[in-house]
2 protein chains.
Amino acid sequence: MPSILDGITDPSQLKALSLRELETLAQELRTRIIETCSANGGHVAPSLGVVELTIALHRVFDSPKDKIVWDVGHQAYAHKLLTGRKDRFGTLRTQGGISGFPKRVESPHDCFDVGHSSTSISAGVGFAVGRDLKKARNKVLAVIGDGAMTGGLAFEGLNHAGELNKDLVVILNDNEMSISENVGALSNLLSRTITSEYVHRAKKDLEAFLEGVPMFGRSVLKIAKRAEESLKTLFTPGMLFEAFGFEYIGPIDGHDIPKLLETLENVKRFDDAVLIHVLTRKGKGYPPAEANPSLFHGVGPFDIKTGKVHKGKGGAASYTGVFGQTIKRLAQEDDRVVAITAAMPDGTGLTPFAKEFPERFFDVGIAEQHAVTFAAGLAAEGFKPVVALYSSFLQRGFDQLCHDVCLQDLPVVFAIDRAGVVGSDGPTHHGVFDLSYLRAVPGLTIMAPKDENELQHMLVTALSLDGPAALRYPRGNGLGVPMDQILTPLAVGKGERLRDGKDGAILAVGTMVESARQAAAALAEEGIEVAVMNARFVKPLDTELILELARTGLLITVEDNVVQGGFGTAILELLEEHDMTGVRVIRLGYPDSFVEQGEQADLKAAYGLDAAGIARSVREACQGRRASA
Amino acid sequence: MPSILDGITDPSQLKALSLRELETLAQELRTRIIETCSANGGHVAPSLGVVELTIALHRVFDSPKDKIVWDVGHQAYAHKLLTGRKDRFGTLRTQGGISGFPKRVESPHDCFDVGHSSTSISAGVGFAVGRDLKKARNKVLAVIGDGAMTGGLAFEGLNHAGELNKDLVVILNDNEMSISENVGALSNLLSRTITSEYVHRAKKDLEAFLEGVPMFGRSVLKIAKRAEESLKTLFTPGMLFEAFGFEYIGPIDGHDIPKLLETLENVKRFDDAVLIHVLTRKGKGYPPAEANPSLFHGVGPFDIKTGKVHKGKGGAASYTGVFGQTIKRLAQEDDRVVAITAAMPDGTGLTPFAKEFPERFFDVGIAEQHAVTFAAGLAAEGFKPVVALYSSFLQRGFDQLCHDVCLQDLPVVFAIDRAGVVGSDGPTHHGVFDLSYLRAVPGLTIMAPKDENELQHMLVTALSLDGPAALRYPRGNGLGVPMDQILTPLAVGKGERLRDGKDGAILAVGTMVESARQAAAALAEEGIEVAVMNARFVKPLDTELILELARTGLLITVEDNVVQGGFGTAILELLEEHDMTGVRVIRLGYPDSFVEQGEQADLKAAYGLDAAGIARSVREACQGRRASA
Ligand SMILES: [Mg+2]
Ligand SMILES: [Mg+2]
């Protein structure tokens, strides 16, 4: 039987479908999403939650003329399937395949690229203002989750939008859950929806009563009218948004297609700033995802029938897991240690800590700026806060790291997970800039461990310092090395010499150390003897050891970061400061362009950052030297 | 007659003063602030606005046990005078003198360093959480302006604070004006205070009426009670803050000491999250500042009697002014050009543009993140947005610049004012990191003009590009050079050779070019012939010219930025990429530490970045080469 989805090449075709066909389409979209994600992994739960909403948006509005601006964008799978990408959907999140996020280069229906949170209202205000300046007529719809709404950028956008009062529709996709459990006063506010039915009845009672009293003076009537209005705002989540100048509609059931169509059709005729509060369920329609929406938020390949996630390759502990166990252990020994995350307790490995030390654990929601400044306040009060964030999200807290932490030399530890390439999430999520932007900030100690055992020691080191420290480590498993039981701080600014060699030296940082070691071993069999240094510290550098290795005349630096401004560049700066001219340096890392999506190993290989690639670069350099010698 | 202020060596002494003495003290503080600022310049209007509030805080609470966390911090002059710094107050904002902002190293009464906006609630939550973990007993008071409240970080802090419901007092210092006119829905909300008196009366009427009706059923009584409560929230600015879980008190007159004392004494007994809404007047008590609070927000030396600001030295146009005139002119020719600022229409020179193109001008308030993402939305809609921000505040929008603009290759122009050292505002405001953190981001063209004429051409160049561009220029006057009438885009990635020389080459960027030129001229008289290049582009670099100059064997790079990761480092990277070993490079710039406050010229001289300092570095390098030759 031909499916309805198979016939959809353009979202405008949805206008011709019956309600029954739309319901069937929803099921087909779910099936396709589950099938593809079971093979490729992906953001299953968010995308399943908005299937009906996506159908309703494309049915009522006219994309790409009307702009649907997705927030975060991991919920846009149904949108992708309905906008000409169903045939390529099997390549989702693979190298060369379609992105797991909206991307303008993929389709005119993706009007704004995204991956990070809380951008849609701001971008939507831009689209709405632009439209009005052009005197065009189209709708702008920003679809934002309740989790993303806690980000400061979303509020800045709301504040501006409310003032401008442009024709802008914000759709609050409220699943009472961001990536994990929702947090913040906003969440409490939204959850008051449960009482709205009661309030509705109470209001009717009041109206009836007031109408039945004949001797009301004009002013009291006015007051009663206001009281009625205010009842609505007091007892519904609309309060906040009406305070911001938005017309509030909802909450409505986000899986009820007729209700969604009716509401959107109504809103289509408005020309003010409107917020529609839609209640959805993460993972809707796929029981394993409904039962465990946090696991199925972003998940690897899984078995459709059982919902069991396929095991990864290695059995080695993940860096994330080792971080989580180590901070828990260190917190047992020092009650000044507190941990902060921004909506990523699982992703950063802090859940065990949170269970053991609930009063010393803080999930501030999607609010990286606050996470950092809050930590600075705790540090000023004498604590040792560890802020665990993903590398690319720490970019949100850059000013706070610089202005609130480093300028005051406060002992805040940044545990930077997902540093380097992260894989299928692609360019919005790769953490390949941190070494560059962190290195610019005075007073920050920057480390990267060569393996999961060293990660333990580096966390101890970071916590032993009187000033700020950053510790960056990748997504994925460690090397399976033995784990020391006794943890001791490393000597700050001291690297580790792993191998000697007269022909040159590889200076490697973090995960690149093991590849460098393998490269050097392979080269030795060819008669090329290169030293290998595990940098450990990107700042301060081990001047003594690096200058000694520089006497070989050839340094190859390797890092899981862009080459501009990173570790290799720090080596160039060190040589310049010590007037070491005549040393050939080759900096390996990601180039000065955004790195696409793909498996971590494949990306490293593509950019010459695996053992073979490093060996190749060293070999060429050595051959060049011999030829010119 | 000995003044009261002269006798205050510790704020605890305020507890012994009579109300009359407190009033006198307020006058004395005002006089001292006006006197000092008339000589040194400073944030006159903000500090005059909170004199009574500062007195009341120190009278009721016990600093430093109780933590007074100032937001932005430019209003803390009275606080400084009352906390042991009155004798050094004459050194305010001078090199080696006391800071214009709170600084922990200056006094235990400054519990948190600040300079940027919207940090106080987040830091305050940190202090409150830390206190409770320690089971200590003290109050935490975050004093935040209505302008700062629009920053996303403030909302993230409010959201977390409201959820935790810690003993935390937020004092909203509402002067209905941030740095310039206030913006945003929040501002509209706050200004509803005007109606609160009416509402109060209306509420009384309703209560009286309801009490007079005997036959009310229980449920209707309940509803009436709620209606009464909701009236309060609907018609006062408390709505928003109560939505966030704060108890709201106010608005109260921030210049009425008895009222302030009464309110703070009451609040002292609470242990929930409370927000006190205080109405103040910027510049209060000094008529010229009251009349022109925007001018007196942050002002140079002025005549006390007339309030006339002393003229600066040169008559040359400021970079800011030239930017403002040029963008206005370019907007006349291209209606896609729109301008965005974050609460700095005067400071960024956009006021003339705003007057001529009000519908194409957007002051988004203190909301740098939104400014950037809003611009990205406009660019995606086909516009050419120019985002004018101060360099150090752009740090707030770093993720948005990277993720929302550069990743999509959108043609947003960043007009980065106050790049380099800014002077008396000191380390929180120096814009000395931008070249480093911007250089890491792929696809961004980065320019710096050697003079105000080149600034014009660079703005045209930036607007002619299909992708993002940044243009950074300093605070202060240009060189007084002739201004071209016809503006043409520069060749991207091409520098300008200003002088030839066989002994080496100075590669200079931005304001450093003129100093480099002077240095080269002085050196020529000593027989040292160095070339001078105006880099123009920090990214992409002029590879051809730089490699040619590198053949002299000596490159001296000069930039008004930190040395780590900046322009000089880009030169090292270029040489590495082209295997140009053996070239000696000397990178001049600010060191890897935060630069203190001081006059721009003095700071440059202190760090060897004036003509004499550059000449000295070149001379030493050349002498070293001759000695070793
Ligand atoms: Mg959610
Ligand atoms: Mg204000």
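Reading guide: rules and limits
Residues numbered from 1 in each chain as written. Chains lettered and ligands numbered in written order. Predicted model: local features only at pLDDT ≥ 70, side-chain atom pairs only at ≥ 80, totals over all residues. Heavy atoms only, no water. Axes fitted to C-alpha atoms, helices over the stretch in contact; angles between N-to-C directions. Helix = DSSP H or I, 4+ residues; strand = E, 2+ residues; numbered from the N terminus. Parallel < 35°, antiparallel > 145°, perpendicular 65-115°, else oblique. Left-handed = near helix turned anticlockwise from the far one by under 90°. Contact = heavy atoms within 4.5 Å. Nonpolar A, V, L, I, M, F, W, Y, C, P; charged D, E, K, R; others polar. Buried area = accessible area lost by both parts, 1.4 Å probe. Salt bridge = Lys/Arg side-chain N within 4 Å of Asp/Glu carboxyl O. Polar contact = N/O pair within 3.5 Å; in protein donor to acceptor, adjacent residues only side chain to side chain. Core = buried A, V, L, I, M, F, W, Y, C linked by side-chain atoms within 4.5 Å. Buried < 20%, exposed > 50% of the residue type's maximum accessible area, 1.4 Å probe, protein only. Pairing = 2+ DSSP bridges. pLDDT = per-residue confidence, 0-100. 1 Å grid on protein atoms, 1.4 Å probe; cavity = no way out; pocket = protein on both sides within 12 Å on 5 of 7 lines; lining within 4 Å. Points joined across faces, edges and corners; volume = space filled by probe spheres on them. Least-squares fit on C-alpha atoms with pLDDT ≥ 70 in both. Expected span 1.5 Å × (residues − 1).

## Brief notes about the packing of helix H14 (residues 319–333) of chain B against helix H20 (residues 452–464) of chain B
When two helices pack together, their arrangement is given by the angle between the helix axes and the distance between those axes.
Residues and elements named next belong to chain B.
Argument step 1. Orientation of H14 relative to H20, taken along the N-to-C sense of each, is 40°, at an axis distance of 9 Å. With respect to their mutual orientation, H14 and H20 come out oblique. Considering how the two elements wind past one another, H14 and H20 form a crossing that is right-handed. For the pair H14 and H20, contact is made by Tyr319, Val322, Phe323, Thr326, Ile327, Arg329 and Leu330 and by Glu452, Leu455, Gln456, Leu459, Val460 and Leu463, respectively.
Argument step 2. Of the residues belonging to the contact of H14 with H20, the class tally is nine nonpolar, two polar and two charged.

## Quick notes on the interface of chain B and chain A
It is common to give the size of an interface as the accessible area lost on bringing the parts into contact.
Argument step 1. If you look at the interface, chain B gives 116 residues, while chain A gives 117 residues.
Argument step 2. Interface area, chain B with chain A, both sides summed: about 10,100 Å², of which 65% is carbon and sulfur.
Argument step 3. Joining chain B to chain A, the criterion identifies 14 salt bridges.
Argument step 4. One can count 40 residue pairs in polar contact (both at pLDDT 80 or more) joining chain B with chain A.

## A word on the nonpolar core
Argument step 1. Of all hydrophobic cores here, the largest spans 230 residues; its most connected members are Met149, Phe414 and Leu555 of chain A together with Met149, Phe414 and Leu555 of chain B.
Argument step 2. Apart from the residues lying within four places of it in its own chain, the contact partners of Leu555 of chain A are Ala505, Leu507, Ile546, Leu549, Ala550, Ile571, Leu575, Val583, Arg584, Val585 and Ile586 of chain A.

## So, the sheet that holds strand E3 (residues 168–174) of chain B
Within a sheet, adjacent strands bond to each other through the backbone by hydrogen bonds, running parallel or antiparallel.
All names here are of chain B.
Argument step 1. Overall, parallel pairing links the five strands, which are arranged E1-E2-E3-E5-E4 in an open sheet. Looking at which strands have only one partner, the edges of the open sheet turn out to be strand E1 (67–70) and strand E4 (247–253). With strand direction ignored, the average angle separating the axes of adjacent strands in the sheet is 20°.
Argument step 2. Alignment of E1 against strand E2 (residues 140–145), held across four bridges, turns out to be parallel. What sits directly across from Val69, in E2, is Ala142.
Argument step 3. In the packing of helix H4 (residues 51–60) onto the sheet, contacts are made with E1, E2 and E3, and the angle to E1 comes to roughly 160°.
Argument step 4. The strands touched by helix H6 (residues 120–133) within the sheet are E1, E2 and E3, with E2 carrying the most contacts at an inclination of about 175°.

## Side note on the confidence of the model for chain A
Residues and elements named next belong to chain A.
Argument step 1. Summary statistics for chain A give a mean pLDDT of 91 and a share of 89% for residues scoring 70 or more.
Argument step 2. Of the regions scoring below 50 in pLDDT, residues 192–202 engages in 12 contacts with residues more than four places distant in sequence or in other chains.
Argument step 3. Below a pLDDT of 50 lies the segment residues 230–235, which in the model reaches 23 contacts outside its immediate sequence neighbourhood of four places, other chains included.
Argument step 4. As scored by the predictor, the complex reaches a pTM of 0.93 and an ipTM of 0.92.

## Some points on empty space enclosed by the protein
The rolling of a water-molecule-sized probe over the atoms marks out the regions of remaining empty space.
Argument step 1. The final tally for this structure, using the stated rule, is 12 cavities of 30 Å³ or more.
Argument step 2. In this structure, the largest cavity occupies an estimated 270 Å³ of space.
Argument step 3. Taken together, 20 residues form the lining of the largest cavity, with Leu572 and Val583 of chain A together with Leu572, Met580 and Val583 of chain B sitting closest to its centre.
Argument step 4. Elements supplying a minimum of two residues to the lining of the largest cavity: helix H22 (567–577) and strand E17 (584–590) of chain A together with helix H23 (567–577) and strand E17 (584–590) of chain B.
Argument step 5. When its residues are assigned to classes, the lining of the largest cavity shows 10 nonpolar, four polar and six charged.

## Quick notes on unusual backbone geometry
Argument step 1. A cis amide bond links Ser63 of chain A to the next residue, Pro64 of chain A, at an omega of 10°.
Argument step 2. Structurally, the position occupied by Pro64 of chain A is in the loop between helix H3 (51–60) and strand E1 (67–70).
Argument step 3. Here the bond from Gly250 of chain B into Pro251 of chain B is cis, since omega is -5°, no more than 30 degrees from zero.
Argument step 4. For Pro251 of chain B, the location among the structural elements is in strand E4.
Argument step 5. Here the phi dihedral of Lys135 of chain A falls at roughly 55°; this positive angle occurs in a residue that is not glycine.
Argument step 6. With respect to the element layout, Lys135 of chain A can be found in the loop between helix H5 (120–134) and strand E2 (140–145).
Argument step 7. What makes Lys135 of chain A exposed here is its relative accessible area of 72%.
Argument step 8. Of note, Ala343 of chain A is a non-glycine position whose phi angle comes to about 70°, a positive value.

## Quick word on the relation of the copies chain B and chain A
For the pair of chain copies, the relating operation is a rotation around an axis with a shift along it.
Argument step 1. The transform that puts chain B on chain A rotates by 180° and translates by 0.0 Å along the axis, for an RMSD of 0.0 Å. A rotation of that kind, with that shift, is consistent with a two-fold axis. Among all residues of chain B, the one whose C-alpha sits closest to the rotation axis is Gly152 of chain B, at a distance of 1.8 Å.
Argument step 2. By residue overlap, the copies meet face to face through one surface: 100% of the interface positions of chain B are interface positions in chain A.

## Let's talk about the pattern of salt bridges
Argument step 1. Inspection of every chain in the model, using the stated rule, returns 73 salt bridges over all chains.
Argument step 2. Ionic pairing is found between Lys450 of chain A and Glu454 of chain A, a salt bridge with its closest N-O pair at 3.4 Å. For the pair formed by Lys450 of chain A and Glu454 of chain A, the shared burial category is buried.
Argument step 3. Notably, a salt bridge pairs Lys539 of chain A with Asp592 of chain B, separated by 2.9 Å at the nearest N-O pair. Placement of Lys539 of chain A in strand E15 (residues 537–539) and of Asp592 of chain B in the loop between E17 and helix H24 (600–606) is noted, with the two residues assigned to different chains.
Argument step 4. Given the relative accessible area of 35%, Asp592 of chain B is considered partly exposed.
Argument step 5. By sharing partners, the salt bridges in this structure join Arg439, Glu573, Glu576 and Glu577 of chain A together with Arg587 of chain B into a single network.

## Focus: the packing of helix H6 (residues 152–164) of chain A against helix H16 (residues 368–380) of chain B
Argument step 1. In the contact formed by H6 of chain A and H16 of chain B, the axes pass within 8 Å of each other and the chain directions differ by 75°. With respect to H16 of chain B, the axis of H6 of chain A lies roughly perpendicular. Along the contact surface, H6 of chain A presents Gly152, Leu153, Glu156, Gly157 and His160 of chain A, while H16 of chain B presents Glu368, Gln369, His370, Thr373 and Phe374 of chain B.
Argument step 2. Per-class residue counts for the contact of H6 of chain A with H16 of chain B are two nonpolar, six polar and two charged.

## Overview of the sheet that holds E1 of chain A
Residue and element names in this part refer to chain A.
Argument step 1. Spatially, the five strands line up as an open sheet ordered E1-E2-E3-E5-E4, and their pairing is parallel. A strand with exactly one partner marks an edge of an open sheet, and here the two such strands are E1 and strand E4 (247–253). On average, each strand axis in the sheet is inclined to that of its neighbour by 20°, with strand direction left out of account.

## Details of helix H11 (residues 257–268) of chain A
All names here are of chain A.
Argument step 1. End to end, H11 covers 16 Å across 12 residues, agreeing with the expected 16 Å (1.5 Å per residue, within 8%).
Argument step 2. All buried positions along H11 are accounted for by Ile257, Leu260, Leu261, Thr263, Leu264 and Val267.
Argument step 3. Against the buried residues of H11 lie helix H1 (19–40), H3, strand E3 (168–174), E4 and strand E5 (273–279).

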